[in-house]
Amino acid sequence: MSTPKILILGAGYGGLLTTLQLQKKLNYNEAEVTLVNKHDYHYITTWLHEPAAGTASADHARVYLDQIIDTNKIRFIKGTVQSIQPEERKVTLENGDVLMYDYLVIGLGSEPETFGIQGLKEHAFSIRSINAVRQIREHIEYMFAKYKMEPERTDYLTFVVGGAGFTGIEFCGELADRIPELCREFDVNPELVKIYNIEAAPTALPGFDPDLVNYAMEVLTRKGVEFKINTPIKQCTPEGVVLATGEEIKSATVVWTGGVRGNSIVEKSGFEVMRGRVKVDEYLRAPGYDNVFIVGDCALIFNDQGRPYPPTAQIAVQEGENCGANLVKIVRGEAVLEPFVPNLQGTLASLGKGEGMGMVGTKKIYGTSAALMKKASDLRYLYKIGGVGLALKKVRL
Ligand code: FAD
Ligand code: NAD
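Thresholds, definitions, all that
- Residues numbered from 1 in each chain as written.
- Chains lettered and ligands numbered in written order.
- Predicted model: local features only at pLDDT ≥ 70, side-chain atom pairs only at ≥ 80, totals over all residues.
- Heavy atoms only, no water.
- 1 Å grid on protein atoms, 1.4 Å probe; cavity = no way out; pocket = protein on both sides within 12 Å on 5 of 7 lines; lining within 4 Å.
- Points joined across faces, edges and corners; volume = space filled by probe spheres on them.
- Helix = DSSP H or I, 4+ residues; strand = E, 2+ residues; numbered from the N terminus.
- Nonpolar A, V, L, I, M, F, W, Y, C, P; charged D, E, K, R; others polar.
- Phe/Tyr/Trp six-rings, centres within 6.5 Å; stacked < 30°, edge-to-face > 60°.
- Buried < 20%, exposed > 50% of the residue type's maximum accessible area, 1.4 Å probe, protein only.
- Lys NZ or Arg CZ within 6 Å of the ring centre and 35° of its normal.
- Near = heavy atom within 4 Å.
- Polar contact = N/O pair within 3.5 Å; in protein donor to acceptor, adjacent residues only side chain to side chain.
- Areas by Shrake-Rupley, 256 points an atom, 1.4 Å probe, with all protein chains shown as cover.
- Domains from an automatic or database assignment.
- Pairing = 2+ DSSP bridges.
- Expected span 1.5 Å × (residues − 1).
- Contact = heavy atoms within 4.5 Å.

Caption draft 1: Just the layout of surface pockets, in detail. Of the volumes computed, that of the second largest pocket is approximately 500 Å³. Considering the residues around the second largest pocket, the lining is formed by 22 residues, among which Glu50, Gly352, Lys353, Gly354 and Lys375 are closest to the centre. A per-element tally of the lining of the second largest pocket places helix α9 (residues 367–394) first, with six residues. Considered class by class, the residues forming the lining of the second largest pocket number four nonpolar, seven polar and eleven charged.

Following this line, the structure appears as structure tokens:
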């Protein structure tokens, strides 16, 4: 029998953890494992709100794959996936290369969900990659510089964050921390700067614990963020946003954090999706394809009450580990696979430097303790993918 070919698409949390399981558990020549990723680095998506606001460098949020991948065991291809042809067991890259597989793992992450809101794609930024956050940071700084040349344009100093989910809240915390520094650098009166966090639902962080939501809103309000709750954004224009109430906010910077959907390549490749995510079976396989596994934000799984789990790094990591372990079993001809059962540890969110809140098990945590717990969880992740060296290099206390 020939050596099985395993192809992994995407080196995010799901794809990388699948790869690292195979790297650790398979012997040389047991399988041909190939990892394809757009960049030669993995980025720590859970930190991207920091470089977006400019409170950390974008470089800090990336880890070069050659530091964590053993290229004697894993073939790495820097390339962009264009399409998947599951019937023919092949994947086509943007440069025209075609990759054949016996087993495929799709971990291509997510895209912003715009719900068809007019103008968002064209005029709003999204926190989604290293390139995207570098652009947001540069844009924010440029708006301060422009304001100095056109002081009547207060829209240059007005920042709209659309959506008060976790991404919106975390970004507002960082942006509010950055503003005083920018005001000093560009000689701008801080009172002229406005940050609006606009949320469609009747509360920020819908579905999350109300005490923690109140705490987060209090902290951010104190830092200067103005919330507009129960106020959907209806349209985004080159001048700003129009709200469902009819109010228009003039802003030269709109950052859309209104939600995500699975990578559109999955839907375009013919898989049946809900908001871009494939409802996978208990072994994370796509319906109808026993050899196609889907991990991370492209996979849709449900809890006992039939509600979808939100797409998180926490689940993507666990899915990657499960998928990698099951692929080892398949390669070795073991008949029984391990079903995927998420083991949720809690949710922690940062609210700017040294501030956070969250739930660990059933315990609510606030302030510095929450911020430290979040660092500890970052440390665990970095240790998992790159050992002590990477953890010490990247985590700043
Ligand atoms: P990703 O991590 O997004 O990785 C996808 C990979 O695929 C990337 O490397 C990308 O370059 C690559 N790729 C994409 N398209 C192509 C293509 N066409 N060809 C080749 N490669 C491609 N979750 C938590 O659990 N805790 C948190 O604290 C948390 N904080 C967050 C903070 C922010 C600011 C954001 C935006 C999200 C946060 N999340 C958090 C959610 C979490 O980041 C995602 O759920 C997680 O990244 C999903 O992992 P993934 O492997 O599916 O995709
Ligand atoms: P989300 O879907 O969790 O939140 C989006 C928010 O935007 C929602 O509150 C929604 O009501 C709001 N919204 C939608 N349409 C709107 C409109 N027209 N006008 C105004 N508001 C609108 O999306 P997210 O915050 O990007 O998070 C994506 C995933 O990543 C989630 O699963 C989240 O849990 C996870 N995440 C986790 C953390 C953490 O654990 N610290 C941090 C960031 C993201």
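Caption draft 2: Region of interest: the packing of aromatic side chains. Here the structure, examined in full by the defined rule, presents eight aromatic pairs. Centroid distance tyrosine 41 to tyrosine 43: 6.4 Å. Interplanar angle 50 degrees. Geometry classified as tilted. Residue tyrosine 41 is classed as buried on the basis of its relative accessible area of 6%. A relative accessible area of 21% places tyrosine 43 in the partly exposed class. Look at tyrosine 215 and tyrosine 366: their rings are 5.0 Å apart centre to centre, the planes differ by 75 degrees, and that puts the pair in the edge-to-face class. One end of the pair, tyrosine 215, is in helix α6 (residues 210–222); the other, tyrosine 366, is in strand β24 (residues 363–366), with 151 residues separating them in the sequence. Taking the relative accessible area as the measure of exposure, tyrosine 215 reaches 18% and is therefore buried. Above the face of the tyrosine 28 ring, lysine 73 is positioned so that its terminal group lies 5.1 Å from the ring centre.

Caption draft 3: Spotlight on the site of ligand 1. Lining the immediate surroundings of ligand 1 are 31 residues, of which Gly14, Asn37, Val81, Asp297 and Lys374 lie closest. Within the backbone of tyrosine 13, one N or O atom sits 3.0 Å away from an oxygen atom of ligand 1. At 3.0 Å from an oxygen atom of ligand 1 is found a main-chain nitrogen or oxygen belonging to alanine 313. Taking 1,000 Å² as the accessible area of ligand 1 by itself, protein coverage stands at 88%. Among the elements of the structure, α1 (13–25), α5 (166–186) and α8 (313–331) are those that each provide at least two residues to the shell around ligand 1. In terms of residues, the shell around ligand 1 owes the most to one element, α8, which gives three residues. Its residues assigned to classes, the shell around ligand 1 shows ten nonpolar, 17 polar and four charged. Counting the residues that make up the shell around ligand 1, at least three belong to each of domain 1 (5–38 + 79–112 + 260–343) and domain 2 (120–256).

Caption draft 4: Quick look at the site of ligand 2. Around ligand 2, a shell composed of 23 residues is seen, among which Thr167, Glu199, Ile233, Pro311 and Leu348 lie nearest. Between ligand 2 and threonine 167, the relevant distance is 3.0 Å, taken from an oxygen atom to a main-chain nitrogen or oxygen of the residue. Between ligand 2 and the protein, one listed contact pairs a nitrogen atom with a backbone N or O atom of leucine 348 at 2.8 Å. Here ligand 2, which alone exposes 840 Å², has 78% of that area covered by the protein. Residues belonging to the shell around ligand 2 are distributed by class as follows: 13 nonpolar, eight polar and two charged. Summarising the domain contributions, the shell around ligand 2 has at least three residues from each of domain 1 (5–38 + 79–112 + 260–343) and domain 2 (120–256).

Caption draft 5: The pairing of β24, seen in detail. Sheet topology places strand β23 (residues 356–360) next to β24; four bridges connect them, and they run antiparallel. When the sheet's bridge partners are listed, methionine 357 is paired in β24 with tyrosine 366. In textbook terms, the turn of a hairpin is the stretch between consecutive antiparallel strands, and for β23 and β24 this stretch comprises two residues, one of which, glycine 361, has a positive phi near 60 degrees.

Caption draft 6: Quick look at α6. Helix length check: α6, at 13 residues, gives a terminal C-alpha distance of 18 Å against a target of 18 Å (1.5 Å per residue), a fit within 8%. The complete set of buried residues in α6 reads Leu212, Val213, Tyr215, Ala216, Met217, Val219 and Leu220. Where α6 is buried, its residues meet α5, β13 (225–228), β23, β24 and α9. Put simply, aspartate 209 is the residue that caps the front of α6, since its side-chain oxygen is 3.0 Å from the backbone nitrogen of aspartate 211. Where α6 terminates, the next one or two residues include glycine 224, which has phi positive at roughly 110 degrees.

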